[in-house]
Amino acid sequence: MHTRNNDLIMRPTEKERLEFHVDYSDDTEFSAHGRLLQSRWRASKGYPMGKYGNFLETEFAKNSKANFLTERIQLLAAEEMAKAKASGALFHEGRMWANLLSSQPLCFNLFGELSFDTDAATACFKKLFPGRVDRVSSVRFEYSPGRGDTVYTGDHSAFDVFVEYERDGQKGFLGIEVKYAESLREEQLKKSMETFDKHAARYTQLTESHGVFGPDVIAALRRPPLSQIWRDHLLSIALLNHPERKYDEGIFVFLFPSLNKQCQEGVNEYAKYLASRDENMSGFCPRHLEQFIHTVADHYNTDWSNELRSRYLG
């Protein structure tokens, strides 16, 4: 039995917090809900627990790769982490292997099978972005076109998932940032300001040069909870406006659960600083995680895709 918060979020009862080891005082409404979902999933599998119910025991997690839902996704995640040192991709191995609540393994569980099957990816993304996608050509993870390259943002921002597609003979992209239990306040103000100070000239140029943002927005956007959304959005703007015109079109997709109040508030606040709410003008496309999961699960309709839906949505 759960108690409802605003008739939306199902918070764990005291009994559930103790039974499933999810008594974490800093949880938001949604992270408490998500932590319980992940702990329930782990318990249903009989997997050994780490420090909280949403963690797998470390050695078991590494050896079994149980945080990932299929063998192909397990191999993909291992390969991407192995390549990360050379590419500069930022994977937190502890979260990837052991933290069931982390959004990094969620990226692989949701999009991993699509990376092997561009026909399925095409079918799913045509439903998710009708009229935009004719054919998906690739799905990549933790992708940046150039970490530290000042042609882009000069920082190490990357898209969690990067989808290349074709439409009417033109090449486009979807740069996707995936959130699950995050509140958008994980980054400390000091770190956010240090990052801004280091790259202020390029951030300012990208913000003021392409008609995407309203006037005098930088003071607000450079701080949490908006700073990470802004930097990833700027990366998509820089990529779209690359001097060699690598893409004819592209958008930044911010993907999060509809019940994650903090993410929804962040999206609503961020939109106030855009020159237009028209997604084709701004290139900023917030989307709800449920729609993506249901689309993928409905397309595959297999044990693993149904497990994807039950694990993350309940």
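Preceding this section is the structure that the text describes.
*Asks:* Just give me the short version of the nonpolar core, but keep the residues and values in it.
*Replies:* In terms of nonpolar packing, the biggest core is built from 56 residues, with Leu110, Phe111, Phe125 and Ile176 touching the most fellow members. In terms of residues, this core owes the most to one element, helix 6 (residues 103-116), which gives 6 residues. If near-sequence neighbours (up to four positions away) are discounted, Phe125 is found in contact with Phe111, Leu114, Val133, Val136, Val163, Leu174, Ile176 and Phe292.

*Asks:* Mind laying out helix 2 (residues 29-45), listing which residues take part and the relevant values?
*Replies:* Here helix 2 contains 17 residues, and its C-alpha end-to-end distance of 25 Å stays within 8% of the 24 Å for a straight helix at 1.5 Å per residue. Of all 17 residues in helix 2, 12 are buried, a share of seventy percent or more. Next to the buried residues of helix 2 lie strand 2 (9-11), helix 1 (14-19) and helix 14 (303-313). Just past helix 2, the residue Gly46 takes up positive phi, approximately 75 degrees.

*Asks:* Account for helix 11 (residues 261-271), naming residues and giving values.
*Replies:* Inspection of helix 11 places Cys263, Gly266, Val267, Tyr270 and Ala271 among the buried residues, and these make up the whole buried set. For helix 11, the angular spread of the buried residues around the axis is 130 degrees, confining them to a single face. Residues of helix 11 that are buried make contact with helix 9 (218-221), helix 10 (227-240), strand 6 (249-256) and strand 7 (284-288).

*Asks:* Residue-level account of the packing of aromatic side chains, with values.
*Replies:* When we look at a pair of aromatic rings, we describe it by the centre distance and by the angle of the planes. The tally for this structure, following the rule as stated, stands at 26 aromatic pairs. Both rings, one in Phe111 and one in Phe292, keep their centres 6.2 Å apart while their planes meet at 80 degrees; by these two values the pair is edge-to-face. With Phe111 in helix 6 and Phe292 in helix 13 (residues 289-300), this pair connects stretches of sequence that are 181 residues apart. Note on Phe111: relative accessible area 1%, which makes it buried. By the ring-pair criterion, three or more aromatic residues cluster together here, those being Tyr143, Phe159, Phe162, Phe173 and Tyr247. In this structure, Lys51 packs its charged tip against the face of Phe55, placed 5.1 Å from the ring centre.

*Asks:* Break down the side chain of Arg311 for me, citing the residues and quoting the values.
*Replies:* Checked against the element boundaries, Arg311 lands in helix 14. Nearest to the buried, unbridged Arg311 among oppositely charged side chains is Glu307, at 6.7 Å. Within the structure, Arg311 has its side chain in polar contact with the backbone oxygen of Leu100 (distance 3.2 Å). If sequence neighbours within four positions are ignored, Arg311 has contacts with Leu37, Gln38, Trp41, Asn67, Leu69, Leu100, Asn109 and Tyr180.

*Asks:* Before we move on, could you go through the sheet that holds strand 5 (residues 170-178) and cite the residues and values that matter?
*Replies:* One open sheet holds the 5 strands; their spatial order is 3-4-5-6-7, and the pairing between them is mixed. Where the open sheet ends on each side, the last strands, each with one partner, are strand 3 (135-143) and strand 7. For this sheet, the mean angle separating the axes of adjacent strands, direction not counted, is 25 degrees. Taken strand by strand, helix 7 (residues 118-128) contacts strand 3, strand 4 (159-167) and strand 5, and its axis lies near 95 degrees from that of strand 3.

*Asks:* Kindly report on the pairing of strand 5, identifying the contributing residues and their values.
*Replies:* Consecutive side chains along a regular strand alternate between the two faces of the sheet. Judged by how many residues are buried, strand 5 sits mostly within the fold: 7 of 9 residues are covered. Pairing of strand 4 with strand 5 involves 7 bridges; the strand directions are antiparallel. In the sheet register, Tyr165 faces strand 5, and the bridge partner there is Gly172. Connecting strand 4 to the next strand, strand 5, in antiparallel fashion are 2 residues, including Asp168 with a positive phi near 50 degrees. As judged from the 7 bridges shared by strand 5 and strand 6, these two strands associate in the parallel manner. Paired with Glu177 across the two strands is Phe254, which belongs to strand 6.

*Asks:* A description of the environment of Arg140 should follow, citing residues and the corresponding values.
*Replies:* By the element assignment, Arg140 lies in strand 3. For Arg140, a relative accessible area of 32% puts it in the partly exposed group. Along the sequence, Arg140 and Phe162 sit 22 residues apart, while their C-alpha atoms lie 5.0 Å from each other. Every residue in contact with Arg140, bar those within four places of it in the chain, is listed here: Asp160, Val161, Phe162 and Glu164. Engagement of the side chain of Arg140 in a polar contact is seen with the side chain of Glu164, the distance being 3.1 Å.

Rules used in this analysis
- Residues numbered from 1 in each chain as written.
- Predicted model: local features only at pLDDT ≥ 70, side-chain atom pairs only at ≥ 80, totals over all residues.
- Heavy atoms only, no water.
- Core = buried A, V, L, I, M, F, W, Y, C linked by side-chain atoms within 4.5 Å.
- Buried < 20%, exposed > 50% of the residue type's maximum accessible area, 1.4 Å probe, protein only.
- Helix = DSSP H or I, 4+ residues; strand = E, 2+ residues; numbered from the N terminus.
- Contact = heavy atoms within 4.5 Å.
- Expected span 1.5 Å × (residues − 1).
- Arc of directions from axis to C-beta.
- Phe/Tyr/Trp six-rings, centres within 6.5 Å; stacked < 30°, edge-to-face > 60°.
- Lys NZ or Arg CZ within 6 Å of the ring centre and 35° of its normal.
- Lys, Arg positive; Asp, Glu negative; His and termini not counted.
- Salt bridge = Lys/Arg side-chain N within 4 Å of Asp/Glu carboxyl O.
- Polar contact = N/O pair within 3.5 Å; in protein donor to acceptor, adjacent residues only side chain to side chain.
- Pairing = 2+ DSSP bridges.
- Axes fitted to C-alpha atoms, helices over the stretch in contact; angles between N-to-C directions.

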